Structures are given as C-alpha cells and as structure tokens.
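Overview (structure and organization)
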Amino acid sequence: MSAPTVLKMEGELTIFRAAELKPLLLDAVVATEIDLSAVTELDTAGLQLLMLAKKAALAQGRELQFTGHSPAVLDVFELLNVAAYFDDHMVTDLPAPAVGTRS
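Per an unreviewed UniProt entry, the protein is named Anti-anti-sigma factor, and its organism is Rhodoferax fermentans.

Some thoughts on the overall build of the protein
In terms of regular secondary structure, the protein is built from four helices and three strands. Secondary structure elements of the protein, listed N to C terminal, follow the sequence β-α-β-α-β-α-α. Residues counted as buried form 36% of the 103 residues belonging to the protein. Accessible surface, the protein: about 6300 Å² in total, of which carbon and sulfur atoms supply 58%.

A closer look at the packing of helix H2 (residues 44–59) against helix H3 (residues 71–80)
Here H2 crosses H3 at 85 degrees, and the two axes come no closer than 11 Å. In terms of orientation, H2 and H3 fall into the roughly perpendicular class. Seen from H2, the contacting residues are Thr-44, Leu-47 and Leu-50; seen from H3, they are Val-76, Phe-77 and Leu-80. Counted by class, the contact of H2 with H3 contains five nonpolar, one polar and no charged residues.

As for the nonpolar core
The biggest cluster of nonpolar side chains holds 23 residues, and the ones touching the most others in it are Met-9, Leu-13, Leu-25, Ile-34 and Leu-50. Elements that contribute at least two residues to this core include exactly strand S1 (6–13), helix H1 (18–27), strand S2 (33–42), H2 and H3. For this core, the leading source of residues is H2, giving five residues.

Side note on the pattern of salt bridges
Going through the model one piece at a time under the given rule, you end up with one salt bridge. Here Arg-17 ties to Glu-20 by a salt bridge, and the two come within 3.1 Å at their closest N and O atoms.

A closer look at the packing of aromatic side chains
What the rule picks out here adds up to three aromatic pairs. Consider the rings of Phe-66 and Phe-86, whose centres lie 5.0 Å apart with planes at 85 degrees: the pair is edge-to-face. Of this pair, Phe-66 sits in strand S3 (residues 65–67) while Phe-86 sits in the loop between H3 and helix H4 (89–92); the two residues are 20 residues apart in sequence, bridging distant segments of the chain. The buried category is assigned to Phe-66, whose relative accessible area is 5%. Aromatic side chains Tyr-85 and Phe-86 sit 5.1 Å apart centroid to centroid with 85 degrees between the ring planes, which places their arrangement in the edge-to-face category. Overall, Tyr-85 belongs to the partly exposed group, its relative accessible area being 44%. In this structure Phe-86 comes out as buried when scored by relative accessible area, which is 1%.

Cut-offs applied
Residues numbered from 1 in each chain as written. Predicted model: local features only at pLDDT ≥ 70, side-chain atom pairs only at ≥ 80, totals over all residues. Heavy atoms only, no water. Helix = DSSP H or I, 4+ residues; strand = E, 2+ residues; numbered from the N terminus. Buried < 20%, exposed > 50% of the residue type's maximum accessible area, 1.4 Å probe, protein only. Areas by Shrake-Rupley, 256 points an atom, 1.4 Å probe, with all protein chains shown as cover. Axes fitted to C-alpha atoms, helices over the stretch in contact; angles between N-to-C directions. Parallel < 35°, antiparallel > 145°, perpendicular 65-115°, else oblique. Contact = heavy atoms within 4.5 Å. Nonpolar A, V, L, I, M, F, W, Y, C, P; charged D, E, K, R; others polar. Core = buried A, V, L, I, M, F, W, Y, C linked by side-chain atoms within 4.5 Å. Salt bridge = Lys/Arg side-chain N within 4 Å of Asp/Glu carboxyl O. Phe/Tyr/Trp six-rings, centres within 6.5 Å; stacked < 30°, edge-to-face > 60°.

Written as structure tokens, this is what we have:
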C-alpha cells in the first residue's frame, strides 16, 4: 500500500473562498486524504465543495478520506449530520453529546 497523498486545507472553507478552493479540491481527487485540521470556518458552500470532491473521487474509483477535523468542521458535520455521507468514522465514532451540553 502506498503512502497517502494529503492535501491540507487551511483557513476558511466558506463561500468567500469557494471559487478559489474549488479547482484545488477537484484537483485533489488524486489525493487520498484531505487534512481539515487547520480549517477555521466551514459553511454550506465549503461543505458542498467537500461533497463534490468526495463525489468526484468516487466517480473515478478513488477513495478520499477527510482527516484531522478541526472543531469548526466537527461542529458543522454534527449539526448537519453529514458524517455518514462521507463515511467518516472520525465523526461517527465520537460519543454522542449529553443532552443540554451543547453551547
């Protein structure tokens, strides 16, 4: 098995950077991992880009994993319940939060 090819995303993954990041993420289809540890903000435009990257990778028969989820990414994945879409074990394996603990 070869070493993963990692694309590290940094800063905001939002509508304000969507046009800039779209070609980068689509080119990342050759990447096997996208490191989300330095993502400071994620909105639905950014989420759509991640979904598009995943869909493009699957269409080409490639596996694409998201790793190093920042708190901003975890919050959005949890809020929108999209971890299963990404088959994202890092999120789905987290214990369920206790009722009333969310800020």
